[in-house]
Structures are given as structure tokens and as C-alpha cells.
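Here is what each chain is made of, one letter per residue.
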Amino acid sequence: MIRWIRQQLGFDPPHQSDTRTVYIANKFPQHGHYIPQRFADNRIISSKYTIWNFIPKNLFEQFRRIANFYFLIIFLVQLMIDTPTSPITSGLPLFFVITVTAIKQGYEDWLRHKADNEVNGAPVFVVRSGSLVQTRSKNIRVGDIVRVAKDETFPADLVLLSSDRAEGTCHITTTSLDGETNLKTHYSVPETAVSQSVSRLESLQAVVECQQPEADLYRYHSQSDHPNPPHTLGPENLLLRGARLKNTKEIFGVAVYTGMESKMALNYKCKSQKRSAVEKSMNTFLIIYLGILLFEAILSTILKYAWQAENKWDEPFYNQKTDQERNSSQILKFISDFLAFLVLYNFIIPISLYVTVEMQKFLGSFFIGWDLDLYHEESDQKAQVNTSDLNEELGQVEYVFTDKTGTLTENEMQFRECSINGIKYQEINGKLIPEGMTEDSPDGNKEEELFLKAVSLCHTVQISYDQTDGPGDPFSHANGFSPQMEYYASSPDEKALVEKYITLFCLFSLAKCEPYSEGCLFNSCVSARRYKLLHVLEFDADRRRMSKGLRTLVVACRHFSADEYQEVDRRLHEARTALQQREERLVEVFNFIEKDLELLGATGVEDKLQDKVQETIESLRLAGIKVWVLTGDKHETAVSVSLSCGHFHRTMNILELVKQKSDSDPLYTLFHGCDVRLCLCRIREDHVIQHGLVVDGASLSLALREHEKLFMEVCKNCSAVLCCRMAPLQKAKVVRLLKTSPEKPITLAIGDGANDVSMIQEAHVGIGIMGKEGRQAVRNSDYAIARFKFLAKLLLVHGHFYYIRIATLVQYFFYKNVCFITPQFLYQFFCFVYLTLYNICFTSLPILVYSLFEQLVHPHVLQSKPALYRDISKNSLLSFKTFLYWTFLGFCHAFVFFFGSYTLMGEDTTLMGNGQMFGNWTFGTLVFTVMVITVTLKLALETHFWTWMNHFVTWGSIAFYFIFSLFYGGIIWPFLHTQDMYFIFVQLLSSGSAWFAIFIIVITCLFPDVIKKVFYRHLQPTSTQKSQVSCTFLKIILLSISVTGVKCLGAILTICVYGLKRMVQVHSGCVRIHFC
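You'll find the protein chain entered in an unreviewed UniProt entry as Phospholipid-transporting ATPase, with Cyprinus carpio given as the organism. You can read under Sequence similarities (unreviewed entry) in the UniProt record for the protein chain the words "Belongs to the cation transport ATPase (P-type) (TC 3.A.3) family. Type IV subfamily." Its UniProt record, at the heading Catalytic activity (unreviewed entry), says of the protein chain: "ATP + H2O + phospholipidSide 1 = ADP + phosphate + phospholipidSide 2."

With numbering matched to this structure, UniProt assigns "active site" (unreviewed entry) to Asp-403. Looking at where Asp-403 falls in the secondary structure, it is placed in the loop between strand 15 (399-402) and strand 16 (409-420). If near-sequence neighbours (up to four positions away) are discounted, Asp-403 is found in contact with Leu-408, Leu-630, Thr-631, Lys-731, Ile-750, Gly-751, Asp-752, Asn-755, Asp-756 and Met-759. Side-chain polar atoms of Asp-403 contact the side chain of Lys-731, separated by 3.4 Å.

Read from one edge to the other, the open sheet built from 3 strands follows the order 7-6-12, with strand pairing classed as antiparallel. Looking along the sheet, the strands with just one partner apiece sit at the ends: strand 7 (184-187) and strand 12 (244-246). Strand after strand, the sheet turns through a mean of 45° between neighbouring axes, direction not considered. Direction of pairing for strand 6 (residues 169-173) relative to strand 7: antiparallel, over a ladder of 4 bridges. From the neighbouring strand, Ile-172 faces strand 7, where its bridge partner is Lys-184.

The element strand 27 (residues 691-696) is largely enclosed, with a buried count of 6 among its 6 residues. With burial as the criterion, each face of strand 27 is covered, one bearing His-691, Leu-693 and Val-695 and the other bearing Gly-692, Val-694 and Asp-696. Alignment of strand 26 (residues 653-657) against strand 27, held across 5 bridges, turns out to be parallel. Opposite Leu-657, over in strand 27, you have Val-695 as the bridge partner. As paired elements, strand 27 and strand 28 (residues 720-724) share 5 bridges and run parallel to each other.

Tracing the backbone shows Phe-928 in helix 31 (residues 920-942). Between the alpha carbons of Phe-928 and Pro-823 there is a distance of 9.0 Å; along the sequence they are 105 residues apart.

Reading across from one edge, 14-31-30-29-15-25-28-27-26 is the order of the 9 strands in this open sheet, with mixed pairing throughout. Strands with a single pairing partner mark the edges of an open sheet, and in this sheet they are strand 14 (384-385) and strand 26. Taken strand by strand, helix 19 (residues 635-644) contacts strand 25 (626-630), strand 26, strand 27 and strand 28, and its axis lies near 150° from that of strand 28. Sheet contacts for helix 23 (residues 728-739): strand 15, strand 25 and strand 29 (747-751); angle to strand 25, the most-contacted strand, approximately 155°.

Residue position: Thr-387 is located in the loop between strand 14 and strand 15. For Thr-387, the side chain forms a polar contact with the main-chain nitrogen of Asp-389, separated by 3.4 Å.

All right, on to the pattern of salt bridges then. If you walk through the whole model with that rule in mind, you get 26 salt bridges. Ionic pairing is found between Glu-618 and Arg-621, a salt bridge with its closest N-O pair at 3.1 Å. Of this pair, Glu-618 and Arg-621 both sit in helix 18 (residues 613-622), 3 residues apart, which is roughly one turn of that helix. Under the relative-accessibility criterion, Glu-618 is labelled partly exposed at 31%. Assessed through its relative accessible area of 16%, Arg-621 is described here as buried. Glu-942 is paired through a salt bridge with Lys-938; the nearest N and O atoms lie 3.0 Å apart. Remark: Lys-938 and Glu-942 occur in helix 31; sequence separation between them is 4 residues, near one turn of the helix. As far as burial versus exposure is concerned, Glu-942 and Lys-938 are alike and both buried. One salt-bridge network, in which partners are shared between bridges, spans Lys-938, Glu-942, Asp-1009 and Lys-1013.

Cut-off values and rules
Residues numbered from 1 in each chain as written. Predicted model: local features only at pLDDT ≥ 70, side-chain atom pairs only at ≥ 80, totals over all residues. Heavy atoms only, no water. UniProt positions renumbered as here; feature names shortened; annotations may be inferred. Helix = DSSP H or I, 4+ residues; strand = E, 2+ residues; numbered from the N terminus. Contact = heavy atoms within 4.5 Å. Polar contact = N/O pair within 3.5 Å; in protein donor to acceptor, adjacent residues only side chain to side chain. Pairing = 2+ DSSP bridges. Axes fitted to C-alpha atoms, helices over the stretch in contact; angles between N-to-C directions. Buried < 20%, exposed > 50% of the residue type's maximum accessible area, 1.4 Å probe, protein only. Salt bridge = Lys/Arg side-chain N within 4 Å of Asp/Glu carboxyl O.

Given below as C-alpha cells:
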């Protein structure tokens, strides 16, 4: 237990040395000098709290907020000294805020715990005590021999010991790790490749000596000691956690890295608390208001002592001091009086704001899940909110970082067209037809047959059959397409071609594609022929060429005589068995073979994009949001998809920085030897040609090493950026570099795999795609959606609404509390009950309902006009200028409340029919009544989207105030010690002059605000206001048509309002609207 506690506190790390020794099957040495190394268990932890640290950790994080800490100090002051208000006025709201926030964050973390438990509790099979035992994933230990079956994911980082394949290999996909969809071949340790039974594995006496865990997915060095001389192991022997086994029945591997020490987990970024831009603005406003509060408290304290300088006011007859008060320290009295005034005026900083904000965020988050436009019917998945703290941040995004595979694409290759002997062929109704010919055209010629034979045979596709017991005859599938066949390939292009040609023709390729294996069959519906695969000349980065646009593969052939083939076979054998310069000799032989080729044709396949990806990217671009694609995929593939999805345009000037392998100036290479700063200036000033940038991971590291600032300037001035061959932590680093740049832009990251988790956690807002490759991204994201296309509505509609709602909520709360506390500062007197209920009952519900339902324009308009998103960018509604306006407005209204009522109740003025005069309680009640009505109607002026609930809480709050005041002051309550308000409100309302004063003061406060709104709408309208006017004008036209019954056959009315065009077409009383 002590060791575990030390490890949790970081004093006793699990491993100390640079290497670790793994004993296979945990067969440790028996001599007494061996000290076992300590390794992490196999649990994956994405949660933030535990049952033990939740309360202290959550309280620490909450009191790091300036507001919470401030109210805690106020509460403690109220407990320690005699203050004008009860500690309950601060303590109860603070307790409510802390409790609600803790419950919300605890619930969200419980969901993460639940997801972790599903992963950690997954059943796995391990070899223990001479048998195969089923256990849970979290129970795997370093050194355990684990069995993994076909289509299962690897539960830990395993060194491959053996597989059911005779050659000891297995095929895996790593889409969830690096985004690559192709099939990868991994190799078992040669000495253990034949150990395919549990008994033989249990009898192994072997050791794996490897490096300590590191995040690099592509780096692994170790050696196995199998009583023979050590055998070097590399990445091709390591099966990473999160990868999936394909086309192999089962494998056995020894766990070398487990749990949070696996490479997948090390590429996660530590989960931190994210704060929205609105919350940061609130903290800034809070500091300003804290300064105002201190000023008022100090000024009031000084004025008190100035007033008490005269003896008659220092100790009046009705308030005689005690001996203790007379002898107390003047400094302590000054401090006590200052703290008393501080508590009295502390309501200028509204704790109810934080209560309302928490409620608004929590309740508002449900609208995302309820939105049917974000529901994906095919997968039966709706949008998911993992944290509601960032709702308004969706309306402030400036950069979107997106993965490619599984996020922009469906992860499926589709055959598009091919060229045979110079003739273009396309698929029509399930047949491959030459361009310009019909389906009834005669069958193809010899060149076509040779092309189809080459495509059907020359590939590395693996085909798997779901067979019943017994080996069966694999060639029995040749006479027709079997729906039980599954295709796996190291190249997704080859897989797409083989699948398509099998369905288009009576062709079949039984791809047991190992050299010298019999099993490749070509069936032309007339005769079946068997072929033997002799050699595979593997592609490499230098010999592979790919076009932009469609992924094009050129098909060619060369005929060898028997003697020529013998020569080729001999040279290949010598090169492959060479001990020195093997790679160079293989390249030489490949070049000798691949010459004098006869061109047969070419194929074009395309990675299937998700629905409406191009439209979504274009909408984001129009909204002023820049899109960066960060992918682990190859350069050519990434560029091809960027072009097809509209991320890159054909007319865009593409700058490429790839394959940089030295520290020579990479930016010099990027601009072809030109001066970098001069070229950067040209990019900034060029408003005609758009620029795009392509950079790979290795080149990016070199560029950032010496020219980080300059390189980031180049990136920010490009319209689109594509980063390929990126490791997961590199993705996170790019996001961090941009979000910490001087402009501090708001970033959003979206992806679907485990390789995207670091990027998702690093960005201000992280979105997970509910894809095909696990749920790691969804579990670690702030929001989750089923498809990339849903991102447009999530930002342009929900983000827009959330931001304008909470921005108005924040400004309005500060405004109404200035209105509330300033008259008190001027008069320094008020009733305790009204002090408590002002923010809780009288003015809280209207702003809460507003913050849940307000819409400046219709959601369809926001989606059809993405440029409206620019109106709220860069936190414009919470700018310092806007904050000063609301604060100034609050002070102005407060002065009108106070001095308007004071003027009405001047000296010796009677407003009652019986000649009686109003007293101090009536004066305070009049000020408070005007205040409640004014601040409520001010919010009504800000409301554009009225629902029945808005009407209910707006007018209901005013009505509730009147009803409560009548009951509170109209009845003698036995549980109250004093009741100074008895009959005061009834007396006030019985005066016609008081009603007139209320009306005049309210109009005086709100009329200038109305004039200002009208003035700005006509002279400096925003794009959103223009859309509001045009939509309102259309409604009036349509209402007039429906009322007057106008029928204008074929008439088209074109309405232009502020440059926005709408078409209203009237056909026999039926009205149609065309959005231009």
C-alpha cells in the first residue's frame, strides 16, 4: 500500500533504468539476487477523478476561479464580524454553485469511468499454469502470453511470438493509431514461430530485453534471448494496442508495455480543465467590478468617519456606545467598518450569475442531443455532449484541425474508371462500358482481356473465407462471387480494384499471394486457369507515383522467355539473400525487371468521402474558419483527398515542404531559394491567388527547430494547410503552437481514432467522430457527432445561439446588479428580504429562459449564410467596449432610479390624498419597484425570439414581485421579529402620483436605449441585423398576400433589403420563397 501511494504521488516511479527485462510467461530466475521490476497494470484511464480525490481536487479547481474564491472570502468575513447582512446571503448561493458544478463535473467524469470500465473489463485469453485462461483486460501483466483472435484489437503492446500461419506472420490494421487503412504484415520471433500450442508456449524459457516505453509509434528496439544467441527485434515484431488483427485466425504475443505505458496511451495528452473565452472575459469583468466595489467601500468608510467627526453624530442619544467600543483600536474599527461596507456592496458582483451560467450550460447542452439534424439514422447515433462547459466556445472557433481517414472519408475506396489501350471505360449498370458505346456493345478484345488478367492477378490482396469445419476446396468459390469473402490488402487501391472486377466480370483471384504458392485463379466464364505467383516486387516511396485527384495506378506488362526468367529469378535470389547492401541490390534488380514495359492501361479509384464534406468545408471557409488537415497518411493520398473534398482548390498555389532529411534551411526549399520574408509579404498582399501548404511530419520538425515563428506565419497566411505523416503528439504540438500564438485564436480539433486523442484534448474544443475504429476519440472528446457534415450546424447554429445567449446573460447580470447596488450606495440603506430575493426570484428566470431559447435569426438562415458567424467571432459581444456600455448603462439607470424617486419625494411633498408624506421605507420601495420593472423590460428589449415561456417568465416576474410585496407587507407574519415593510407597498400603490412616477422613470431609462438601437440598425447594421430585417419584411409581404388574397399567376416579386435578395413567387394563391 505504501509503495502504491508513493507511485501515485510520483515519488516512486514504476521503473528506473533505461531498459526493461521481460520474462516470457513471467518465469523469473530462481536465484535470490533477482529483484523484480515494477510495471504499470493494464488499465486505461481517461477519467479525471477517483472516489478518493474527487472532493479535494474538485474543490481546489473550483476555488481557483476568482469568483468562487471571492465569495468564499466574503462568506468568512460575514462569519467573523458583525455585518449588515447575514452570512446566508453569500454562503447559500456559494454552496449551491459549488454543489451544482461538482455534481455536473462528477456526472461527466462518471461517464468517462463507465467507458474506461468497458475497455478494461473486456474479456481476453492469457496462458497461465499450462492452460488458456479467460480474464479481464485490466488483469494482463507485463510478461503474460496473450492470445488474440481474428478481428479483435490488441489489449496491450505485444511482441508477436507465433501465429496460425505457417510462416509465422500476421496482418493488422492500424487505422485507429495512425490513420492508415492498408494492411500491414508483422513477423513473429523466428525461434518461437513454431510454438503454436499452449503447452509449447508454456514451456518457453525466454527473455525480451527492450527499451522503456516511449510515444513514438514507429520506433521499437529490443532483443530476445531464447537460450540461443540474442535475436534483434524491431517495429515489425511489435503489435500495438488499439491495432486490429485481420486475415489471421489467431496469434500469441507476450505483453511488453501495458496500460498507460502502451504507445497508444503515451500519445494521449494529460486531460486538463478547459476554460472558455466567455469565462475568461467574466473573470476580467469581475476584477474590474471588484475595483469598483473596493472604491465604494473605501469611500463609504471615509465618509462615515468624516460624518462622525462631529460629536453629535459620533454618539447620538439613540445609539450610545459601550465602554468596549469607546476603548477599541481605531485601526481595527476602520478595518471592521470597511469590511462591513464591503459585505453590504458585494452584490455588485453577482454570485447568482455563476448559478445561472451553470444552469444555462447544463440545460442548454440537451438541445444538441435533441437536434434531429445531428442524428445519423444509418448508425442510430445522435450527437453527444461530454462536457457542457464549452457550449459558447462553439461560436468562437477560428481554426478547425481535422483528421482525414474516417473523419473526412468513409475509409472505403471506390472504383471510378479505367483506361484500356487508350480507351476510357466507365461502370454503367454494373458493366464496364467503353466511353461512347452502349451496354449492347460486343465483348472486349485481346488487349482488354490482358489488362483484366493483369489487374486480377498482380496484387497482394488477401482473401478470407468464412468456412465451416474442414479445410474445403478454396477453388470451389471460383464459379461465382461468394458473399462470405473478405478482402485485405496492404494497398487500399488494390483491394478496391479486386472487389470491383470480381463483381463486374466472371473474374476471381484467390489471393494466397505468397511467392511460389499455387492459388491464383483467373476465370473468364469460359475457361478456368490456374496461375502460380512467382515473385512480388514490393513498392517503395521512390518507385511509387500517384496522381492528384483520382488515385491512378498504371498497368503494364513485360513478356519473359524461359531463359530470361531464369536470369531474373537468379538475380532476385542473390539480392534477397545478400548480407551486404541488400536494399541497393534489390533496387538494381527491380529496375532491370521494370524496363521495356508494354502499357496496358490505367485505373482510377477514389477514397469515398463522407456525405457533404465539401459543402461543410466551404461553409466553414465562408464563416471565416480556416481548416487544417492533420493526418498520419501518406503525402500523395492526403493531397488527393484534400483536392477531392474541396480543402485544396485546383486554382490554389500549393507550397510543398516534404522529405526534408537534413538541417538545411527547409523554408529556403519551400520558396525555391527565394527570400522567405519577401515571399511571406507577397502571400499576405495577394488577395487574388489563394495559397495552400503541404508539410510532412519530419519536415515540420526541422522547420520548427530553427524557424518556428516564421514558419507559423507562413501557415497562418495560407488559406489551407495539410500536414501528413504526422505522429499523434505532433498533431497536438501543431494545435498547441497555433493556440498559443500571439493572436490566441480559438481552435477546434475533430477526429475518430486513438491517434487523434492528443489533438482533441489539446484544442480549445475537441470533437470525436463516432467512426468504425473504436471509441477512444469519443470518450476523450468534449462533443461527439456521427459525421463530419454535422460540424457545420454544430458551429454555425448551436455555437451561434450559445454564444449570443450567454454573452447577453453575462452583460445583463452585471448591468442589473449595478442598477441594484448603486442606489444602495447612494442611500446606504435597504431591506434584507428584497436584498436576497432580487437575484433569486425577481430577475433570475427571464434571463435564464432567454439564455436557453434566444435566436437572433432562424437556424436555416444561419446555415445558408455562414458569413453571419463572423459577426460573433473574436468574442465580439463580450468586448471591452460592449462591457463598458452595459456598465455605463447600469450606472445611468441607477442614478435615474434614485434621483427620479428623490425628486418626486422632495422635502415637504405629499403624494397621498389625506396629506400624509412618504417615509424612507416607501422611498426605498419605489426605487426597488422601478428597478425590477426596468431591468426586466430591458431584457425584453434584447429578446428577438419570443416563446410562450419568455412571455410567462417576463411578465410573470413583474407580477410575482407585486404579489409577493402585497403579501409580505400586507400581513403581520408571526415569525418575523420586526416588520418595517407592513402596509408600505399598499400605501405606495394607492398613490396615483407614484404610478405616474414609475411610468415616467421607466420610460426615461429605456427610451434612449431604443433610440440607440434604431440609430445603429439604420446607419451601421451588422450582417445579422440585415438578415433580421429581410426576414421580417418577407413575413410582412407573405402576411399581406394571405390576408388580401392576392393571386398573381406567374408573378415574381423580388425584394432587396440591404443588398439581400429574396424571391417570392405567387402561383394561384400558393407562395414559394426562393433564397438567392
